[in-house]
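Below are the chains, spelled out letter by letter.
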Amino acid sequence: MSPAPLPRTPRLLPADLARVGLAGMRSRPTRAILSALGIAIGIAAMVAVLGISNASSADLTNKISRLGTNLLTVSPGRDLFGDSTQLPVDAIGMVRRIGPVQSATATGSVPGATVRRNDRIDPLASGGIAVVAARTDLLGTIGGTVHSGVFLNAATSRYPAVVLGSVAASRLGIDRPGGQVYLANRWFTVIGLLDPVALAPEVDRAALVGWEAAGSLLGFDGHPTTVYERSPDESVEAVRSVLAATADPQNPQNVQVSRPSDALQAQLAAKSAFTSLFLGLGAVALLVGGVGVANTMVISVLERRPEIGLRRSLGAARGQIRLQFLAESVALSGLGGAVGVVLGAAITAGWAAYQGWHVVMPVTVLLGGVAAAAAIGTAAGLYPATRAARLTPTQALSTV
Amino acid sequence: MKTPPVTDAGVDTADPVIALDRVSKTYAGGVHALRDVSLTVRAGELLAVVGRSGSGKSSMLHLMGTLDQPSTGHVLVRGHDVAQLSDRRLSAVRAHWIGFVFQQFFLAPGRTALDNVAEGMLYHGIPAGRRRTLAAEALDRVGLGHRMAHRPQEMSGGERQRTAIARAIAVRPAVVLADEPTGNLDSAAGAGVLSLFHDLHSQGTTIVVITHDPVLAAQLPRRIELLDGRVRSDSGVGVVPEGAPR
Ligand SMILES: Nc1ncnc2c1ncn2[C@@H]1O[C@H](COP(=O)(O)OP(=O)(O)O)[C@@H](O)[C@H]1O
Ligand SMILES: [Mg+2]
């Protein structure tokens, strides 16, 4: 008599594997939810961090491109002896003559001048507001806008009229034009208030008077303290290289040239550093969540030895037992991952709406969140699943 | 319960389903659970294994069912030496050729009788729909056609064990191995389970039943008594009903 041909163990059908993997979760829902929670929190944190930083970077990048990166400023520095220097009176005209320069304008500080709400306030309590002479074309070059009222023009530049930067206005307690302020022992009429100027925050803290009025009424010497200049993007570096020598041909070494948009770019860089830090924290949360899942799985394997024994007696091979517990672990943390992604996206959307940002939720982040959770599930399940598979059928059955 | 007639031809030519050849089992720690046991289970037999607690009955059943490997000697299942087979092969042997019935039933609590029986065919590559059909047939065979949608909690001990038996016979294995199937049942339910075994046997199922109830054992065609891991007595090859698989 020849022996009967040996039967084969077929692969588990995918649908069966999924069902078997979810069975443990279904029979102990509370435990499943608790152990998936750690993963959910970790993934939610990472998705939210990435989403928010994406949205805020997009916002900042937008702002930078709207403001332009082609604004350069020239200001006097200090000479060899540490004394502050002055730009020549005709520095603006010189800068304007550089080929690619599209516009050049300036402000000049009026030393010793203070501005107060009225004459009864102590001049020493002037709140750090600088009185500055401004050219009429200042706003166009620095990208400023008038909040209310008007800016200085050729006519008002000759009269005691003043335009307040946003910070200056709020420090003086002025919210609309039309009133008067006490400026260098004279009454000046407030003709306009400005919006914040992103590329020239010094203007926010200034009380701007006409160039001519500053000369005739406040003893301004006509030396600019900041020259603002714009040129096409591609010429910025070329202009920058000749700017110092052009603005002050006698003492180019005393001149400081800077690019205000660099500060915003630096902010962008700083943000990404912050993002990495928070991502690191999220990763730690995720790791802790993974340990939680592994722990749950180890306990589950211990408790379910009879089930393992039964399945072995029904014909489950080692590999099929391993696969079952791996599937359970992946399902567990995949559930956490899915919840985390939804949570993280909701947090991002809420925060962006609150900040008035455009919501940017990259699909890669969402898919990445679920994939990361699944990978953690696999890693967390590997050891418990291997232990389950290593049990001999008799060991598994003998626990009862 | 009618005992089918003995036929010489049946006895002589019935295929050995399981053969133990001078098998010993020594567990780690030096317990000699089985010593030099040789016996053959032929197709169509219904045999009882009796003996005191600790005499090695479960150990022998595990070896017969390929759940464990002998320390010395050979276990042959349908002519294949168990020691030569990989885990995957052994698993397939258990899936297709061997049906187990345990004292503790091992039914999933939240699931219906039908689901529990169908789950027993998970490792056979049978699609889910066909599994349910076979499960329903098996439940019919054990007389639980009316209880398919019930969960174990809603069933009596006897019904639970019948469900477990349905799971064991659903794919018509070459042999059913039952380890004290009546151990958790009252005597009426135990008698019911035994009469089910007689029915299945008369339809051609090969069955090995461990029991320490001498009254139940006395009703079976062949009895093997173990004592301290040795075969103390074997009533010899028993009744093989006509029409049993050859
Ligand atoms: N996995 C095991 N490890 C060590 N000893 C075992 C193991 N299984 C059974 N034994 C011992 O082997 C002997 C026979 O046990 P068993 O086959 O379960 O007997 P029975 O089923 O007849 O009660 C007993 O002494 C028991 O303690
Ligand atoms: Mg026993």
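Quantities reported herein were computed from a predicted structural model and do not represent experimental measurements.

Trainee: When you look at the overall build of chain B in this model, what are you seeing that I'm missing?
Mentor: From N to C terminus, chain B includes eight helices and ten strands. Taking 2.2 N^0.38 as the reference for a compact globule, 246 residues should give roughly 18 Å; the C-alpha atoms of chain B span a radius of gyration of 17 Å, in line with that estimate. Considered along the principal axes of its C-alpha atoms, chain B spans approximately 45 × 40 × 35 Å. A burial count over chain B gives 55% of its 246 residues as buried. If you take every contact in chain B between residues at least 6 apart in sequence, the share linking residues at least 24 apart comes to 71%. Looking at charge distribution, chain B has the averaged site of its 27 positive side-chain charges lying 4 Å from that of its 24 negative ones.

Trainee: Explain the site of ligand 1 here, please?
Mentor: All names here are of chain B. Around ligand 1 sit Tyr-27, Val-31, Ala-33, Arg-52, Ser-53, Gly-54, Ser-55, Gly-56, Lys-57, Ser-58 and Ser-59, and those are all the residues in its vicinity. Ser-58 is positioned such that a nitrogen or oxygen atom in its side chain is 2.7 Å from an oxygen atom of ligand 1. Protein contact buries 62% of the 560 Å² of open area that ligand 1 shows by itself. The greatest single-element share of the shell around ligand 1, amounting to three residues, is contributed by helix H2 (residues 57-64). Residues belonging to the shell around ligand 1 are distributed by class as follows: three nonpolar, six polar and two charged.

Trainee: What am I meant to see in the sheet that holds strand E3 (residues 46-50) of chain B here?
Mentor: Strand pairing in a sheet relies on backbone hydrogen bonds, with the paired strands running either antiparallel or parallel. All names here are of chain B. Pairing within the open sheet is mixed, and its six strands lie in the order E6-E7-E8-E3-E9-E10. Each edge of the sheet is formed by a strand with only one pairing partner; in this case those strands are strand E6 (98-101) and strand E10 (230-234). Between one strand and the next, the sheet's axes are offset by a mean angle of 20°, whatever the strand orientation. The sheet contact formed by E3 and strand E8 (residues 207-210) spans four bridges and is parallel. Along E8, the bridge assignment pairs Leu-46 with Ile-207.

Trainee: I keep staring at a nonpolar patch on the surface and nothing clicks. Help me out?
Mentor: Residues and elements named next belong to chain A. Residues Phe-274, Leu-277, Phe-278 and Leu-281 make up a contiguous nonpolar surface patch of about 430 Å² in total accessible area. Its place among the elements puts Leu-281 in helix H9 (residues 261-303). Its relative accessible area of 51% is what places Leu-281 among the exposed residues.

Trainee: Mind showing me how you'd approach the UniProt feature "transmembrane region" (unreviewed entry) in chain A here?
Mentor: Residues and elements named next belong to chain A. According to UniProt, the "transmembrane region" (unreviewed entry) feature falls on residues 32-52, 277-302, 323-353 and 359-383. Along residues 277-302 the backbone is 100% helical and 0% strand, and the end-to-end C-alpha distance reaches 38 Å. Structurally, residues 359-383 comprises 84% helix and 0% strand, and the distance from its first C-alpha atom to its last is 40 Å.

Trainee: Before we go on, may I ask you to explain the sheet that holds strand E2 (residues 31-42) of chain B in this structure?
Mentor: Residues and elements named next belong to chain B. Taken in spatial order, the four strands line up as E2-E1-E4-E5 in an open sheet, and their pairing is antiparallel. In this open sheet, the two edge strands, each paired with only one partner strand, are E2 and strand E5 (80-81). Summarising the sheet, strand E1 (residues 16-27) and strand E4 (residues 72-77) pair through five bridges and their orientation is antiparallel. Bridged to Ser-24 within E4 is Thr-72. On the sheet, H2 packs against E1, E2 and E4 and is oriented at approximately 55° with respect to E2.

Trainee: What should I look at first to understand the pairing of E6(B) in this one?
Mentor: On a regular strand, each side chain points to the face opposite its neighbour's, so the side chains alternate between the two faces of the sheet. Residues and elements named next belong to chain B. On E6, burial covers both faces: Ile-98 and Phe-100 on one face and Gly-99 and Val-101 on the other are all buried. Where E6 and strand E7 (residues 175-179) come together, four bridges link them in parallel fashion. Bridged to Val-101 within E7 is Ala-178.

Trainee: What is the right way to look at the pattern of salt bridges in this model?
Mentor: Pairs can form between side chains of opposite charge whenever their charged atoms are close. Residue and element names in this part refer to chain A. The final tally for this structure, using the stated rule, is 24 salt bridges over all chains. Ionic pairing is found between Arg-240 and Glu-237, a salt bridge with its closest N-O pair at 3.8 Å. One end of the pair is Arg-240 and the other is Glu-237, both in helix H8 (residues 236-247) and three residues apart, which spans about a single turn. The exposure class of Arg-240 is partly exposed, given its relative accessible area of 27%.

Trainee: Got a minute to help me understand the environment of Val215(B) in this structure?
Mentor: Among the structural elements, Val215(B) can be located in helix H8 (residues 214-218). Note: C-alpha distance between Val215(B) and Leu134(B) (81 residues apart in sequence) is 33 Å.

Trainee: Would you mind showing me how to read the domain arrangement of chain A here?
Mentor: In many reports, interface size means the accessible area that the parts give up when they come together. With domains assigned, chain A is organised as domain 1 (14-64 + 265-397) and domain 2 (70-258). Inter-centroid distance (C-alpha atoms) of domain 1 of chain A to domain 2 of chain A is 56 Å.

Trainee: Before we go on, may I ask you to explain the interface of chain B and chain A in this structure?
Mentor: Contact residues are listed per partner, giving 34 residues for chain B and 31 residues for chain A. Interface area, chain B with chain A, both sides summed: about 3000 Å², of which 60% is carbon and sulfur. When residues of chain B are sorted by the area they lose upon contact with chain A, Arg88(B), Phe106(B) and Tyr123(B) head the list and together hold 24% of the total. Where chain B packs against chain A, one counts five salt bridges. Between Glu119(B) and Arg19(A) there is a salt bridge, with the nearest N and O atoms lying 3.3 Å from each other. At the junction of chain B and chain A, the tally comes to 13 residue pairs in polar contact (both at pLDDT 80 or more).

Trainee: What is the right way to read the packing of helix H5 (residues 128-141) of chain B against helix H6 (residues 157-169) of chain B from this model?
Mentor: Helix-helix packing: each pair is described by the crossing angle between the helix axes and the interaxial distance. All names here are of chain B. Orientation of H5 relative to H6, taken along the N-to-C sense of each, is 125°, at an axis distance of 8 Å. It follows from the interaxial angle that H5 and H6 lie oblique. For the pair H5 and H6, the sense of crossing is right-handed. In this structure, H5 contributes Ala-138, Leu-139 and Arg-141 to the contact, and H6 contributes Thr-163, Ala-166 and Ile-169. Residues that form the contact of H5 with H6 fall into these classes: four nonpolar, one polar and one charged.

Cut-offs used in this document
Residues numbered from 1 in each chain as written. Chains lettered and ligands numbered in written order. Predicted model: local features only at pLDDT ≥ 70, side-chain atom pairs only at ≥ 80, totals over all residues. Heavy atoms only, no water. Helix = DSSP H or I, 4+ residues; strand = E, 2+ residues; numbered from the N terminus. Rg over C-alpha atoms; globule rule 2.2 N^0.38 Å. Buried < 20%, exposed > 50% of the residue type's maximum accessible area, 1.4 Å probe, protein only. Contact = heavy atoms within 4.5 Å. Lys, Arg positive; Asp, Glu negative; His and termini not counted. Charge placed at Lys NZ, Arg CZ, Asp CG, Glu CD. Near = heavy atom within 4 Å. Polar contact = N/O pair within 3.5 Å; in protein donor to acceptor, adjacent residues only side chain to side chain. Areas by Shrake-Rupley, 256 points an atom, 1.4 Å probe, with all protein chains shown as cover. Nonpolar A, V, L, I, M, F, W, Y, C, P; charged D, E, K, R; others polar. Pairing = 2+ DSSP bridges. Axes fitted to C-alpha atoms, helices over the stretch in contact; angles between N-to-C directions. Patch = residues over 30% accessible without salt bridge, like charges linked within 9 Å, V, L, I, M, F, W, Y side chains within 5 Å. Salt bridge = Lys/Arg side-chain N within 4 Å of Asp/Glu carboxyl O. UniProt positions renumbered as here; feature names shortened; annotations may be inferred. Domains from an automatic or database assignment. Buried area = accessible area lost by both parts, 1.4 Å probe. Parallel < 35°, antiparallel > 145°, perpendicular 65-115°, else oblique. Left-handed = near helix turned anticlockwise from the far one by under 90°.

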